[in-house]
Amino acid sequence: MRMKWRVHVENYGFLLPSFLLTAVLGIYPIFWAMRYMFYDYKGYGDMIYIGFDNFTRLWGDELFWEAVRNTIVYAGGKIAITIPLSLIIAVILDRGLKGRNFLRALYFMPTVISTAVIAVVFFIIFNSYNGLLNQFLLKNRLISGAIDWLGPDYAMLTVIILAVWGAIGNYMLLFLAGLQSIPGDLYESAEIDGASAIQKFWKITVPMLGPVMQMIIMLAITVSLKGYESIMVLTEGGPVGKTEVMYLYVYKLLFPVSTGSAMIQEIGYGSAVGFATAIIVGVITGFYFMLSRRLNKIY
Amino acid sequence: MNGMGKWVSRGILWLFLLIIALFTVFPVLMTILGSFKSNLELASGATIWPKEWHFSNYAEAWKQANFSTYTWNSLFVSVASTVGTLIVASMAGYVVDRRNFIGKRFFVVMQASTMFISIGAVVLRPQFELMVDIRLNQSLWGVVFILISAHATTFFILMGFFKAIPRDVDEAAMIDGCSFMGIYWRMILPLLKPGLGVTALFAFRNAWNEYILPLVFTMNTPKLQTLTVGLTNLRYGSGAAMQTHLMMAGACLSMLPILVVYFFANRSFMQVTAGSVKG
C-alpha cells in the first residue's frame, strides 16, 4: 500500500511542472478569451455583458472581412510560389548532385533567422525612396522611376516575397524527406522505357508523393493563415489596410502596434475576432483536407 | 538524349539553383555588408560593397543604441527557457513513456491541443495579467515561463527518443536499488542526449527569434527588451532620421549567433524538420 502511494507521487510529481504550465499559461487563456468575447470591455472601466453583440458587430465589420480577403491572397500567393519552387529544388537535389549537402544547408538557412529581424532588413532593402533594390534597378536602367514597394500597389507582393524567402528551405526539406520514400527502381524501369525527366516528374514523383504532398500543403495552409509577425514589422498592415491579415487585426484590437497607434484596444471584441479567426482557419483547413482526400483517390 | 541537349538542360538546372541561392543569401549578405557602411552611404543606397569599413557602427550600436542590454536580455531569455523547456518536457515525457496512470490520455490530448488551437495574440492578454498578479512583469521571468509553457513540440519529439531507450535500462537500475529520480537523472538523461541536443537547438532558436511575446511584455520597460524588439523599434527612428547603419549592425548582432550555431549544427536542425514528415 505504501509502495503504491509512492508511485503516485513520483508519477504526478514528474508531470506537475508540465501540467501546471500548460494548464495555466496554455489552456486558461483560451477559456479567459471565451468568457470575454461576450463582454464589452476596453481594458479599463466596467465590463458589460452583451451576449452575442460582438459577433453581430463582426458580421458587419468591413475591416475584418477585408483582412480575411487579404489573408487568403497572402496565404494563396505564398503557397502558390513556395510549394512548386521547393518541390523543384527538392527533386533536383534528390538526384545526388555535386554540392548537394552544401546547397541544402544554404537553402534551409532562412528558417533559423528571426522573421522580425529579416523583416527589418527587407524594410531597408525595399524602402521606396532610398532602398537598395530601387537604387539598383534605377542604376541599371531596369526601371524608369522608383517603385513604391511598400505602397498600396506593391506592398502585398513585397510581403509575399518575404514570406517565400523564409519558407522555401523548410518545404524543400519536407519534400526531400518525402522523396526518400519513393523506391528508386520505379525511376530505373521508367528510364529503361525511355521516359524523359519531365515525364518521370509528372508520372512518378508527383503521384507517389501524394499523401506526403497532401500533408505538406495542409501544413503550409495553416502556417500561412496564421503568420502575421513579418507583416507587422514590414508594413504594420498598411498602407490603408492593404496588407492587414486576420491575426494582425486581432493583435491590433488587443495591443497597440506602436506608440501613438490609432486603434483603440477592445479586449471583448478582440477575443470574439480571435475565435472567429481560429474557426475560419479550421474551416479552410478542413475544407482542403476533404478536397485533397478526394483528389488522392483518383490516383 | 544527345550530348548538347544534356549540357543545356544541366545548365538550366544549375542556373535555377544559383538564382535561388542568390535570392536566399542576398538579404543576409546585404545586412553584413551594410553593417559596415555609413548611414549616408546606406541612405544613398547605390553601393553593394562598403566604400569605407565603418567598424565603429558596432561600437555605436553596442553602447549608444543599447544593443549590449538587448543582447544580454536575449541571451538570458533563450538560455533560461531552453533549459526550462528541456527539464519540464523530459520529466513529463519520462513518466508518460514509462508509467501508467489515470489521466495519461487526457494529459497527452491536452499537450496536443495546445499545438493546434490558435486564437492569436488574444492569449497574451491573460498571460500578461497573470504575470502582473504574481509580479513577474518587471523581469523577463514572465517571458521565460510563457516560452517554457509552450513545450508541447519538444515533449512529442522527446517521446520519440524515449521509445528508443530500452526498458531494460530502467529495470537493471531499479534492481540495483536506484530510485525513480535517480534513474531519470543518471540513466535516462545521459541516454537522451541526442534528443535533448536537437530539441535544445529548436527551443533556443525559437526563444532567440521570438518577437511578439517580448514586444508585448516590455512595451513599458525598455531595459528588458530583447534584440528583436529593440531592433524593430529602431524603424521609428530617434529624432528626425532613421539610423539605418545601426539597424544593420543590430540586425547582424541578432543574426550572427544563430547563424554560427547553424553553421555547426545544420544537420541536427534539418534532422528534426525532416523527421516530422517521416513520422
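Residues numbered from 1 in each chain as written. Chains lettered and ligands numbered in written order. Predicted model: local features only at pLDDT ≥ 70, side-chain atom pairs only at ≥ 80, totals over all residues.

1. Thoughts on the domain arrangement of chain A
Assigned domains of chain A: these are domain 1 (1-27) and domain 2 (37-114 + 148-298). Of note, the centres of domain 1 of chain A and domain 2 of chain A, computed from C-alpha atoms alone, are 37 Å apart. (Domains from an automatic or database assignment.)

2. Considerations on the interface of chain A and chain B
Between chain A and chain B, the residue contacts involve 69 residues of the former and 66 residues of the latter. At 17 residues, helix H1 (residues 2-36) of chain A tops the list of elements feeding residues into the side of chain A that touches chain B. Among the residues forming the side of chain A that touches chain B, the class breakdown is 49 nonpolar, 16 polar and four charged. (Contact = placed C-beta atoms within 7 Å. Helix = DSSP H or I, 4+ residues; strand = E, 2+ residues; numbered from the N terminus. Nonpolar A, V, L, I, M, F, W, Y, C, P; charged D, E, K, R; others polar.)

3. Observations regarding the nonpolar core
Residues and elements named next belong to chain A. Counting 149 residues, the largest nonpolar core has Val 120 and Val 250 as its most contacted members. Looking at this core element by element, the count peaks at 15 residues for helix H7 (residues 155-179). The residues that make up this core include at least three from each of domain 1 (1-27) and domain 2 (37-114 + 148-298). (Core = buried A, V, L, I, M, F, W, Y, C linked by C-beta atoms within 7 Å. Buried ≥ 20, exposed ≤ 12 C-beta atoms within 10 Å, placed from the backbone.)

4. Notes on helix H8 (residues 152-164) of chain B
With 13 residues, H8 of chain B ought to run about 18 Å at 1.5 Å a step, and its terminal C-alpha atoms sit 19 Å apart, in line with that. The inward-facing, buried residues of H8 of chain B contact helix H4 (67-98), helix H5 (104-116) and helix H11 (193-209) of chain B. (Expected span 1.5 Å × (residues − 1).)

5. Brief notes about unusual backbone geometry
Residue and element names in this part refer to chain B. Despite not being glycine, Asn 66 has its phi angle at roughly 65 degrees, a positive value. Along the chain, the position of Asn 66 falls in the loop between helix H3 (56-63) and H4. Under the C-beta neighbour-count criterion, Asn 66 is labelled partly exposed, with 17 such atoms within 10 Å. Positive phi outside glycine occurs at Arg 135, with the angle close to 60 degrees. Following the sequence through the fold, Arg 135 ends up in the loop between helix H6 (124-133) and helix H7 (141-149). By the C-beta count within 10 Å, which is 10 here, Arg 135 ends up exposed.

6. Points about the environment of Val 28 of chain B
Examined against the element boundaries, Val 28 of chain B turns out to sit in helix H1 (residues 3-34). Placed 223 residues apart in sequence, Val 28 of chain B and Ala 251 of chain B show a C-alpha to C-alpha distance of 9.3 Å.

7. Some details on the environment of Thr 205 of chain A
All names here are of chain A. Structurally, Thr 205 is set in helix H9 (residues 197-208). Take Thr 205: there are 21 C-beta atoms within 10 Å of it, and that puts it in the buried class. Residues Thr 205 and Val 91 lie 114 residues apart in sequence; the distance between their C-alpha atoms is 8.4 Å. Excluding residues within four positions of it along the chain, Thr 205 makes contact with Val 91, Ile 182 and Lys 200.

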